[in-house]
Amino acid sequence: MGEVIQDNYRAVREKINETCKKVGRKPEEVTLIAVSKTKPLSDIEKLIDIDVIEFGENKPQELREKFDEVSTPVRFHQIGHLQTNKVKYIINKAVLIHSVDSIKLASVIEKEAEKRDIHVNVLIEVNYAGEDTKFGVSKEEVVPLIKEIAEKYRHIHIRGLMTIAPFVDDPEENRPIFKGMHELLLDIKSQNIDNVDMSILSMGMTNDYIVAVEEGATMVRVGTAIFGERQYKGE
Ligand SMILES: *Cc1c(COP(=O)(O)O)cnc(C)c1O
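In what follows, the accompanying structure is described. (Residues numbered from 1 in each chain as written. Predicted model: local features only at pLDDT ≥ 70, side-chain atom pairs only at ≥ 80, totals over all residues. Heavy atoms only, no water.)

Moving on, we come to the side chain of E62. Along the chain, E62 falls in helix α3 (residues 60-69). Overall, E62 belongs to the buried group, its relative accessible area being 18%. With residues up to four places along the chain from it excluded, the contact list for E62 reads S36, K37, T38, K39 and E57. (Helix = DSSP H or I, 4+ residues; strand = E, 2+ residues; numbered from the N terminus. Buried < 20%, exposed > 50% of the residue type's maximum accessible area, 1.4 Å probe, protein only. Contact = heavy atoms within 4.5 Å.)

What follows is about the site of the ligand. Residues in close proximity to the ligand include V35, K37, I79, I164, M205, T206, R221, V222, G223, T224 and R230, which together make up its full environment. Between an oxygen atom of the ligand and a side-chain N or O atom of K37, the distance comes to 2.7 Å. Taking R230, its side chain carries an N or O atom lying 2.8 Å from an oxygen atom of the ligand. For the ligand, the protein covers 90% of the area, taking 390 Å² as the surface of the free molecule. Of the residues belonging to the shell around the ligand, the class tally is five nonpolar, three polar and three charged. (Near = heavy atom within 4 Å. Polar contact = N/O pair within 3.5 Å; in protein donor to acceptor, adjacent residues only side chain to side chain. Areas by Shrake-Rupley, 256 points an atom, 1.4 Å probe, with all protein chains shown as cover. Nonpolar A, V, L, I, M, F, W, Y, C, P; charged D, E, K, R; others polar.)

Summed over the entire model, instances satisfying the criterion amount to one aromatic pair. With a centroid separation of 6.1 Å and 40° between ring planes, the pair formed by F55 and F76 is classed as tilted. Residue F55 is located in strand β2 (residues 54-57), and its partner F76 is located in strand β3 (residues 75-78); the two are separated by 21 residues in the primary sequence. You'll find F55 and F76 in the same group, each marked buried. Note that R64 overlies the ring of Y89, its terminal NZ or CZ placed 4.1 Å from the centroid. Seen from the ring of Y128, K139 lies directly overhead, with NZ or CZ sitting 4.5 Å from the centre. (Phe/Tyr/Trp six-rings, centres within 6.5 Å; stacked < 30°, edge-to-face > 60°. Lys NZ or Arg CZ within 6 Å of the ring centre and 35° of its normal.)

Another aspect to go through is the layout of surface pockets. Its volume calculated, the largest pocket comes out at about 590 Å³. Class assignment of the residues belonging to the lining of the largest pocket gives a composition of nine nonpolar, nine polar and six charged. In this structure, the second largest pocket encloses a volume near 170 Å³. As for the second largest pocket, its lining consists of N58, K59, P60, Q61, E62, G80, H81, Q83 and K86. Each residue belonging to the lining of the second largest pocket can be placed in one class, and the counts come to one nonpolar, five polar and three charged. (1 Å grid on protein atoms, 1.4 Å probe; cavity = no way out; pocket = protein on both sides within 12 Å on 5 of 7 lines; lining within 4 Å. Points joined across faces, edges and corners; volume = space filled by probe spheres on them.)

With that settled, consider the pairing of strand β7 (residues 196-202). Most of β7 sits out of view: five of its seven residues are buried. Strand direction decides the pairing type here: strand β6 (residues 156-162) and β7, joined by four bridges, are parallel. Across the sheet, M162 pairs through a bridge with S202, a residue of β7. As for the winding sense of the linkage, the β-α-β connection from β6 through helix α7 (residues 175-190) to β7 is right-handed. (Pairing = 2+ DSSP bridges. Right-handed = clockwise from strand over helix to strand, strands pointing away.)

Glancing now at helix α5 (residues 103-116). The end-to-end C-alpha distance of α5, which contains 14 residues, comes to 20 Å, matching closely the 20 Å that a straight helix rising 1.5 Å per residue would cover. Buried residues along α5 sit in contact with α4 (87-90), β4 (94-100), β5 (120-125), α6 (139-152) and β6. Where α5 terminates, the next one or two residues include D117, which has phi positive at roughly 55°. (Expected span 1.5 Å × (residues − 1).)

With a phi close to 70°, D51 is a non-glycine residue in the positive phi region. If you trace the backbone, D51 turns up in the loop between α2 (41-48) and β2. According to the relative accessible area criterion, D51 is exposed, its value standing at 67%. Non-glycine residue N192 carries a positive phi angle of around 45°.

As structure tokens, then:
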């Protein structure tokens, strides 16, 4: 099973590289995050064996546990929704929090970061398609939120944007969303807001990462295509 995971990872990485070449981007511009949520530590170790260092988790407790248990230090990304009372679990463990979507959450991150005298890198999660079921701020709320966080919170560094596109049968359906996210990123970058650098665009999952890379993603978060289908309790 371990070799399958390694082969899957290499295949996804290869597809990203080919896509980059096709659209005239450099493969180094795109970071592949292996989304290991619900998967055992042994699966992560298989990838560590082939020098993978970027992993994504969506539950803070799970990130914390795996962080404490891995054989070699790796970089864990908090990609899922973060409740304010869970910030303390991951604040000094996640290299990047992808899911900041409110002033309330940012204020708690600031408080916990200040306490520990650390700086925290975050992305703003955008609910670009405006789906009811999703976390994230609307397109219109992004700039005001960024300005407020950048002005108020000295321990938080906004590094870019993240989105979870809708689940669709044909990934082409998400192209306008990825394109729109890229435009939004460039627009905010051009505003040169103090303490904000728009260098990261986190978008694209198993179903649609190729299209996301074509449209300018600098981080893709891929789980199923690497580790296989997830089993949730009770299934
Ligand atoms: C689970 C998850 C992913 C990966 O999803 P796959 O479809 O398995 O690749 C990416 N991003 C977030 C935020 C997730 O929760």
